[in-house]
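Overview (structure and organization)
Now for the letters of each chain:
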Amino acid sequence: MTVLVTGAGGQVGRALVRLGPELGTDVVGLDRAALDVTDAAAVRDAVAGLRPDAIVNAAAYTAVDRAEAEPGAAYAVNRDAAGYLAEAAESAGVPLVHISTDYVFDGTKGGPYAPDDPVAPLNVYGASKAAGEEAVRAVTGRAVILRTAWVFDGTANNFVTTMLRLATERPRLTVVADQWGHPTPAADVARGALAAARRAADGLAGTVHFGGLPLATWHDLATAAVDAGHAAGLSPLVPIDPVPTEAYPTAARRPQRVEFDLTASLEALGLSAAPDWRLGLVEEIQRGLGS
Ligand SMILES: NC(=O)c1ccc[n+]([C@@H]2O[C@H](COP(=O)([O-])OP(=O)(O)OC[C@H]3O[C@@H](n4cnc5c(N)ncnc54)[C@H](OP(=O)(O)O)[C@@H]3O)[C@@H](O)[C@H]2O)c1
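What you see is a predicted model, and the numbers here were worked out from it, not measured in a lab.

A separate point is the overall build of the protein chain. The helix and strand inventory of the protein chain stands at nine helices and twelve strands. Computed over the C-alpha atoms, the radius of gyration of the protein chain is 18 Å, within 12% of the 19 Å expected from 2.2 N^0.38 for a compact globule of 291 residues. Referenced to the eigenvectors of the C-alpha coordinate spread, the extents of the protein chain come out at roughly 55 × 40 × 35 Å. Among the 291 residues that make up the protein chain, the fraction classed as buried is 52%. Sequence separation of 24 or more characterises 82% of the internal contacts of the protein chain that already satisfy a separation of 6 or more.

Here's what the structure looks like:
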């Protein structure tokens, strides 16, 4: 099958382009320069011209803190463009895999979130992504909305690469230890999205959750990143002090604990287990070294 990937220059987009052929899927990746997804006519023309078997939307406005000051820009990509892609997919009669986020939830449930739990975003980014989910559902019944979390690779500007850089610049780090989530390597998101595309072509539709295990804090992820960076000869093994959220003020509020209920989602995607992010972390750092 041929899958059209939008946002192909991002962490997940690049992983989709790289892994597609390995997983038996032809991927046509269009980065922002090749297709601006906020241009509805360009989206329609690209889908009509390429005639893919499925679309994976990996384009998004992902700057969580900046979004607080730029809601218009966040909504244009995360809501409006998601709707354009859903319309184009529906017109072409092909499924859309739309990637969304754990930040649609407020993190106060006190247990794992099921895909049909009500959303309650705490910040503009999360609200714009929740609105994007709704925009997709409103125009097509053949979409899979795949929510993931805490995405990283070894090259982009993200939490993991920031920790590795800071470890070379500072004698010790302080990292928030009271927010919990699913760290998820970009390559695993790509595998999940391609599984969703294959299943969607066979009729799967609806919302699924997909994230790495075990559930972790930012402090856990930072510690594992610095350990792996040290093992790869990238950074010294600096101590990392755990701090509460209040010690690290940010423009956007973040959910304290979003644990996904993954059981039904993994089954729907035909996957036997959630990825172990600790293995993917080492692979992403190794790949980052080679790039
Ligand atoms: N990163 C995370 O921690 C995280 C967590 C949960 C869910 N997600 C979701 O996972 C998906 C992939 O995220 P990611 O981590 O791969 O983010 P990313 O690295 O920021 O990639 C997003 C890509 O979308 C592109 N883009 C932005 N506006 C566009 C436009 N108008 N037209 C076309 N492309 C545009 C960006 O290009 P520019 O670089 O030029 O802006 C970037 O290449 C998104 O749906 C995101 O919401 C991410």
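What follows concerns unusual backbone geometry. Geometrically, the link from L213 to P214 is a cis peptide bond, its omega value of 0° lying close to zero. With respect to the secondary-structure elements, P214 resides in the loop between β10 (206-209) and β11 (216-217). Non-glycine residue W150 carries a positive phi angle of around 40°. With respect to the helices and strands, the residue W150 is situated in the loop between β5 (143-148) and β6 (151-152).

Ranked by internal contacts, the top residues of the largest apolar core, which has 90 residues, are V5, L16, V56, L85, V97, A193 and A196. For A193, the residues in contact, after removing those within four places along its chain, are L16, V56, V97, I99 and L146.

The environment of the ligand is made up of 26 residues, and the closest members are G7, G10, Q11, A59 and A60. Only α1 (11-19), α3 (71-92) and β4 (96-101) provide two or more residues apiece to the shell around the ligand. The biggest single contributor to the shell around the ligand is α1, with three residues. Tallied by class, the residues present in the shell around the ligand amount to 13 nonpolar, ten polar and three charged.

Two elements in contact, helix α5 (residues 159-169) and helix α7 (residues 218-231), have axes separated by 9 Å at closest approach and are oriented at 60°. Judged by the angle between their axes, α5 and α7 are oblique. Where α5 crosses over α7, the two elements pack in a sense that is right-handed. For the pair α5 and α7, contact is made by F159, V160, M163, L164 and A167 and by W218, L221, A222, A225, V226 and G229, respectively. Considering only residue class, the contact of α5 with α7 consists of ten nonpolar, one polar and no charged.

To continue, consider the sheet that holds β10. The sheet built from six strands is open, its strands ordered β2-β1-β3-β4-β5-β10 with parallel pairing. What marks the edges here is a single partner per strand, and that holds for β2 (26-30) and β10. Geometrically, the sheet is characterised by an average inter-axis angle of 25° between neighbouring strands, direction not taken into account. Sheet topology note: the β4/β5 ladder contains six bridges and is parallel. Looking across to β5, one finds that I99 is bridged to L146. Its contacts with the sheet put helix α6 (residues 186-201) on β1 (2-6), β3 (54-57), β4, β5 and β10, and the angle it makes with β5 is roughly 160°.

Quick look at the environment of T245 now. Within the secondary structure layout, T245 lies in the loop between β12 (240-243) and α8 (263-269). Along the primary structure T245 and L289 are separated by 44 residues, whereas in three dimensions their C-alpha atoms are 31 Å apart. The residues contacting T245, other than those within four sequence positions of it, are V176, D178 and Q179.

With that settled, the discussion passes to α3. For α3, with 22 residues, the first-to-last C-alpha span of 30 Å sits near the 32 Å given by 1.5 Å per residue. Along α3, the largest kink reaches about 30° and is centred on A81. A positive phi of about 70° marks G93, the residue just after α3.

What follows concerns the environment of R287. You can see R287 is positioned in helix α9 (residues 277-290). Sequence separation between R287 and D116 is 171 residues; the distance between their C-alpha atoms is 36 Å.

Quick notes on the rules
- Residues numbered from 1 in each chain as written.
- Predicted model: local features only at pLDDT ≥ 70, side-chain atom pairs only at ≥ 80, totals over all residues.
- Helix = DSSP H or I, 4+ residues; strand = E, 2+ residues; numbered from the N terminus.
- Rg over C-alpha atoms; globule rule 2.2 N^0.38 Å.
- Buried ≥ 20, exposed ≤ 12 C-beta atoms within 10 Å, placed from the backbone.
- Contact = placed C-beta atoms within 7 Å.
- Core = buried A, V, L, I, M, F, W, Y, C linked by C-beta atoms within 7 Å.
- Near = placed C-beta within 6 Å.
- Nonpolar A, V, L, I, M, F, W, Y, C, P; charged D, E, K, R; others polar.
- Axes fitted to C-alpha atoms, helices over the stretch in contact; angles between N-to-C directions.
- Parallel < 35°, antiparallel > 145°, perpendicular 65-115°, else oblique.
- Left-handed = near helix turned anticlockwise from the far one by under 90°.
- Pairing = 2+ DSSP bridges.
- Expected span 1.5 Å × (residues − 1).
- Bend = angle between axes of the 7 residues up to and from the residue.

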